[in-house]
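In case you want the letters, here they are:
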Amino acid sequence: MLSVMHLAQLNIAHMRAPVDSPELAEFVALLEPINTIADEAPGFVWRLKESEEDPTATVVHEYGDHLLINFSVWESRETLWNYVYRSPHLGVLRRRREWFLRMAEPYIVMWWIPEGHIPSLAEGMRRLERLKADGPGPEAFTFNAFYDSSEAVSLPAAAEARK
């Protein structure tokens, strides 16, 4: 029996200034409405949040003070694509250079997970490092170099997560 697979995605961005700086005030003001659109989007499953009470709180982590992390799970490539490129999120994405530094290395990674599995941030960062080191493959890929969920079902990581 094939299990249902969901698409995990992690993306990082190096902020041009601290999150509480005037330079990022407009971006921070957009967090709540854009995250609400994500949370209500068809196919949305889960998003890593720093706070249930403060919708503008960014995820606190050990990977560097100026590194912004967005980490979510979606039902499919199509549902994630529709949120990223066919919702008001696209307007914010188009302005990313105002708030974030250009990155020369991969900053977005995707991978398939069994339905019901919530990946850890450490797992997401390992997947991003794998993409940087080895290039795209069934265990770490991007929209441009996409791998179908059937290619991931038999991988050891998927089998391990199902246990």
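Quick notes on the rules
- Residues numbered from 1 in each chain as written.
- Predicted model: local features only at pLDDT ≥ 70, side-chain atom pairs only at ≥ 80, totals over all residues.
- Heavy atoms only, no water.
- Helix = DSSP H or I, 4+ residues; strand = E, 2+ residues; numbered from the N terminus.
- Rg over C-alpha atoms; globule rule 2.2 N^0.38 Å.
- Buried < 20%, exposed > 50% of the residue type's maximum accessible area, 1.4 Å probe, protein only.
- Contact = heavy atoms within 4.5 Å.
- Areas by Shrake-Rupley, 256 points an atom, 1.4 Å probe, with all protein chains shown as cover.
- Lys, Arg positive; Asp, Glu negative; His and termini not counted.
- Charge placed at Lys NZ, Arg CZ, Asp CG, Glu CD.

Colleague: Requested: an account of the overall build of the chain, with residues and values cited.
Modeller: Each helix and strand in the chain was counted, giving six helices and four strands. The C-alpha radius of gyration computed for the chain amounts to 16 Å, which stays within 12% of the reference 15 Å derived for 163 residues, consistent with globular compactness. If one aligns the C-alpha atoms of the chain with their principal axes, the spans along those axes are about 50 × 35 × 25 Å. For the chain, the residues scored as buried account for 42% of the 163 residues in total. Contacts in the chain between residues far apart in sequence, at least 24 positions, make up 74% of those at least 6 positions apart. Looking at the chain as shown, the accessible area adds up to about 9,100 Å², and 52% of this sits on carbon and sulfur atoms. Placing the 16 positive and 24 negative side-chain charges of the chain at their respective mean positions leaves the two points 7 Å apart.

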